[in-house]
Amino acid sequence: MLPGGLVSGGGGRGGGLCLLRWLGLRLWSRRGTLVFALLWFGSWLFLNGLVLVHRSILSDYCTDDKSKKILQRLCLEFGEGSVTGDMCEDLCVLGLVEYKRCLYYENGKKVIEARWRGNPVILKSKLENFSSYEPLGILDYQDTAEELSALDVVFYATLEVRNSLGLAEEDEDEGGGGGGGSNSSLAKLWEKKLKIRDKSYSRAELSSLWSLLQQEEYTFLRVLQDLSSHVAKVLGSCGHFYAVEYLSAGHAWDQNIFSLDEVEVSRLRDQTRGRWSTREMVHRIALSFLDMVWHFDNEFTHKLHLCDIKPENFAIRKDLTVVAIDVDMAFFEPKMRDILEQNCSSDDDCNFFDCSSRCDPVKRRCSPHRRNSNLQVICEKIFRPWFSPTLLGAKAGLPLQIELQQAVQECSETDGGVDETEEDKGGGRDVYQRLVTILNRLIQDGGESGEGVVSWEGKEHVHTALNF
């Protein structure tokens, strides 16, 4: 009995172990199935997320094939009579616009390099498709566009420009307004551009104009290029695409910011020396930066604030004139005040890119008045790297170079702009004048020279507001 019982008991334990093993396998199998299901579901989510990100990125990825299709679509619309412009026939019929390459797509904005009549140009549009722009509403209530007179077009265009630039009628007609500029009002500017033709404008012309006026950068460049040499020139347009001059843009990775080897500047014939030295060109470009600041602070009815100052947003012409080529973050004083005047808990809440103000701890509102200036930020981001002792090497110890470094340091720490009023604090005007004086002395030490102005070669082609 005992042996039998032992056997019986042993068989029970063996059976129990088998049962446990079987249950363990079942549990492991279920666990494995659950783990596998979770892994499969996680992989599915990951792959779908990857596809979504891939599509969102590549949908705006810059390719030559997509750029050519965009221009082909534009030419189809021109052939249908939906769009027009002074560049359309050259682009779509005569083959005088040669596609070169796609430069970049960013948030829907398309930028393409091309050659127009043998001259390099940049084609731009804020949106890819012409149909993406809001049409001129008045055309929906009239049988023909010809019912709109030239004065009607001036009126509607002026309203659109004011809205784009953030200017009210009383703002643009003010004499001082913060800048004390001498420019004419927008209405007078556009009337001057539009009244050159007596006949009425077609529906395609008005629709194309409205697609252009909805692009803030186009509006800025078209208005300001008649008032300052420091903005890129608009050369023509077709539908919603406009062409600007091709310029040598800046690069953050270049110690001189601009590729000076691409700039063909030589001395006048009566000079004994040859090509300008790199440092001399840098000094002349720095003077042009200062001249640009003065223009933007004083030559318009309101100050023009640059809130995104970096090398890539500027370029130089062959005569070393500094040009603002990206003005998406440029605002006149009234719009700047609206942007800055926000709720806040500290000064950090009052920073809008390179434009900043102070927070009122009592009202918990940012001041509408900018506390720094274009000059201050340019000294900090452009001049400091240029004139640092590291780049100057042995020349860093020269008296004029030391004086320049001190002036740049003071400039980067001084609030207020070039057009300083009695209420302004700091020595903005003084440090500006010091920089101009020092740079001129450095240029004189390097040898006197004259500057030749090189303009776009297509002089026979005149671009006007509605001869776009």
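This paragraph deals with the sheet that holds strand 9 (residues 322-324). Spatial strand order, 6-8-9: 3 strands in an open sheet with antiparallel pairing. Every other strand in the sheet has two partners, leaving strand 6 (248-249) and strand 9 as the edge strands with one partner each. Bridging between strand 8 (residues 314-316) and strand 9 involves 3 bridges; their strand directions are antiparallel. The residue of strand 9 that forms the bridge with Ile 316 is Val 322. Of the strands in this sheet, strand 8 and strand 9 are in contact with helix 9 (residues 278-298), which crosses strand 9 at around 45 degrees.

Turning to the confidence of the model for the chain, a few remarks are in order. For the chain, per-residue confidence averages 79 on the pLDDT scale, and 69% of positions sit at 70 or higher. Element-level pLDDT for the chain is lowest in helix 1 (residues 2-58), with a mean of 55, against a maximum mean of 98 in helix 3 (residues 88-92). Below pLDDT 50 for its whole length, residues 175-184 participates in 28 contacts with residues either more than four positions away or in separate chains. Ignoring residues within four places in sequence, the model shows residues 447-468, a span with pLDDT below 50, making 65 contacts including any to other chains.

With that settled, consider unusual backbone geometry. The residue Asn 107 is not glycine, and still its phi comes out positive at about 55 degrees. By secondary structure assignment, the location of Asn 107 is in the loop between strand 1 (97-106) and strand 2 (109-116). Residue Asn 107 is classed as exposed on the basis of its relative accessible area, which comes to 73%. Non-glycine residue Arg 364 carries a positive phi angle of around 55 degrees. Among the secondary structure elements, Arg 364 is positioned in the loop between strand 13 (359-360) and strand 14 (365-366).

Counting buried positions along strand 5 (residues 241-245) yields 5 of 5 residues, so the element is predominantly enclosed. Where strand 3 (residues 119-125) lies against strand 5, 4 bridges are found, and the strand directions are antiparallel. The partner of Leu 123 across the bridge, within strand 5, is Ala 243. Note: strand 4 (residues 234-238) against strand 5, 4 bridges, orientation antiparallel. Each bridged residue has a counterpart across the sheet, and for Ser 237 the counterpart in strand 5 is Tyr 242. Hairpin connection from strand 4 to strand 5: 2 residues lie between these consecutive antiparallel strands, with Gly 239 at a positive phi of about 60 degrees.

Ranked by internal contacts, the top residues of the largest apolar core, which has 77 residues, are Phe 289, Phe 383, Trp 386 and Leu 435. Of the residues forming this core, the biggest block, 10 residues, is contributed by helix 9. Excluding residues within four positions of it along the chain, Leu 435 makes contact with Leu 290, Leu 375, Cys 379, Phe 383, Leu 404, Ala 407, Val 408 and Cys 411. In terms of nonpolar packing, the next biggest core, distinct from the first, is built from 22 residues, Leu 71, Met 87, Cys 102 and Ile 112 among them.

Time to look at the sheet that holds strand 4. Pairing is antiparallel across the open sheet formed by 5 strands, whose spatial order is 1-2-3-5-4. Of all the strands in the sheet, just strand 1 and strand 4 have a single pairing partner and so form its edges. Averaged over all neighbouring strand pairs, the angle between strand axes comes to 25 degrees, with direction disregarded. Of the strands in this sheet, strand 1, strand 2, strand 3, strand 4 and strand 5 are in contact with helix 2 (residues 64-79), which crosses strand 1 at around 115 degrees.

Rules behind the numbers
Residues numbered from 1 in each chain as written. Predicted model: local features only at pLDDT ≥ 70, side-chain atom pairs only at ≥ 80, totals over all residues. Heavy atoms only, no water. Pairing = 2+ DSSP bridges. Helix = DSSP H or I, 4+ residues; strand = E, 2+ residues; numbered from the N terminus. Contact = heavy atoms within 4.5 Å. Axes fitted to C-alpha atoms, helices over the stretch in contact; angles between N-to-C directions. pLDDT = per-residue confidence, 0-100. Buried < 20%, exposed > 50% of the residue type's maximum accessible area, 1.4 Å probe, protein only. Core = buried A, V, L, I, M, F, W, Y, C linked by side-chain atoms within 4.5 Å.

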